[in-house]
Amino acid sequence: LTRFFLYTPLTPNQITVLSFLTGLIGASCFLLGSYAWAVTGALLLQFSTVIDCVDGEVARVKMLESPFGEWLDISLDTVVHIAIFLGVGVAVWKQDAIAAAPLLGGMLAAAACISFPLITIAEKTEEEGRQHAGWADVWLDNMVAGLTSRDYSLLVLLCAIAGKLAWFLWAAAIGAQVFWLTLVLLLYKAGRLRKSVLFASSPEG
């Protein structure tokens, strides 16, 4: 796909938006609730994930990398996460009649919202973390890389095909809370949370 997009006039940011729209369509499919639509939504999410990997490669080859492009990528990724989590919650509610499913989907979406500013802080202080190179910094880098890679999309696809989206929903709803709490602790341990707060509150910041 990267080779294909390199021969098109599309910019990396436009490819990011294409990935975003594909992910939103996938999330909409989950809202319909049936097994077939859930699998279709999961396939579209996986395709969105593939396209999401292309924009960065195109940006590097064409030398079009920019801070705005990076911000746009992670921001739209977060919106897709939230939409998918809510969609999966509705799908599980309709398929398995689990009353708590919408609540679990909401918990996942809330965790994504909480994680977004924490991920932003981690990325803004990434260079400081590399210089310090403590164990907390290493864990932070690995966690952020894992989140931005959208690895969960394959798990969603497998669970959708197996008809076990409820398994993903329960595990992810708990794991997402552990994720953002761990981010807070690691940022604090590395001293990057306090410095970010001080920088944001200073007149120069």
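The residue numbers shown here count from 1 along each chain, following its written sequence. The predicted nature of this model means local features are confined to residues of pLDDT at least 70 and side-chain atom pairs, given and counted, to a pLDDT of 80 or more, with totals for whole chains, interfaces and linings taken over all residues. To obtain the side-chain values, all non-hydrogen atoms of the structure were used and water was disregarded.

## Looking at the side chain of S153
Selection rule: To qualify as a helix, a DSSP run of H or I must reach at least 4 residues; to qualify as a strand, a run of E must reach at least 2; elements of each kind are numbered from the N terminus. A 3.5 Å cut-off defines polar contacts: any pair of N or O atoms within that distance qualifies, except that in protein one atom must be a possible hydrogen donor and the other a possible acceptor, and neighbouring residues in sequence count only when both atoms are side-chain atoms. Here a residue-residue contact requires only that any non-hydrogen atoms of the pair lie within 4.5 Å.
Turning to its location among the elements, S153 is positioned in helix α8 (residues 152-162). Here the side chain of S153 touches Q46 through a polar contact of 2.9 Å, side chain to side chain. Sequence-distant contacts of S153, defined by excluding residues within four places in its chain, comprise L45, Q46 and T49.

## Side note on α8
To keep it simple, the criterion reads: Summary of the burial criterion: residues with accessible area below 20% of their type's maximum are buried, those above 50% are exposed, and those between are partly exposed, where the area comes from a 1.4 Å probe applied to protein chains only.
Regarding α8, the residues found buried are Y152, S153, V156, L157, C159 and A160. Where α8 is buried, its residues touch α2 (12-31), α3 (35-61), α4 (67-96) and α9 (165-189). Positive phi shows up at G163, right after α8, with a value of about 70°.

## Topic: the packing of α3 against α4
Going by this rule: An axis is simply a line fitted to the C-alpha atoms; with a helix, the fit covers only the stretch in contact. Between two such axes, the angle follows the N-to-C directions and lies from 0 to 180 degrees. By definition in this entry, angles of less than 35 degrees are roughly parallel, angles greater than 145 are roughly antiparallel, angles of 65 to 115 are roughly perpendicular, and the rest are oblique.
Contact geometry for α3 and α4: axes closest at 11 Å, N-to-C directions at 170°. With respect to each other, α3 and α4 are oriented roughly antiparallel. Contacts between α3 and α4 involve Y35, A38, L45, D52 and D55 from the first element and D73, D77, V80, I84 and Q95 from the second.

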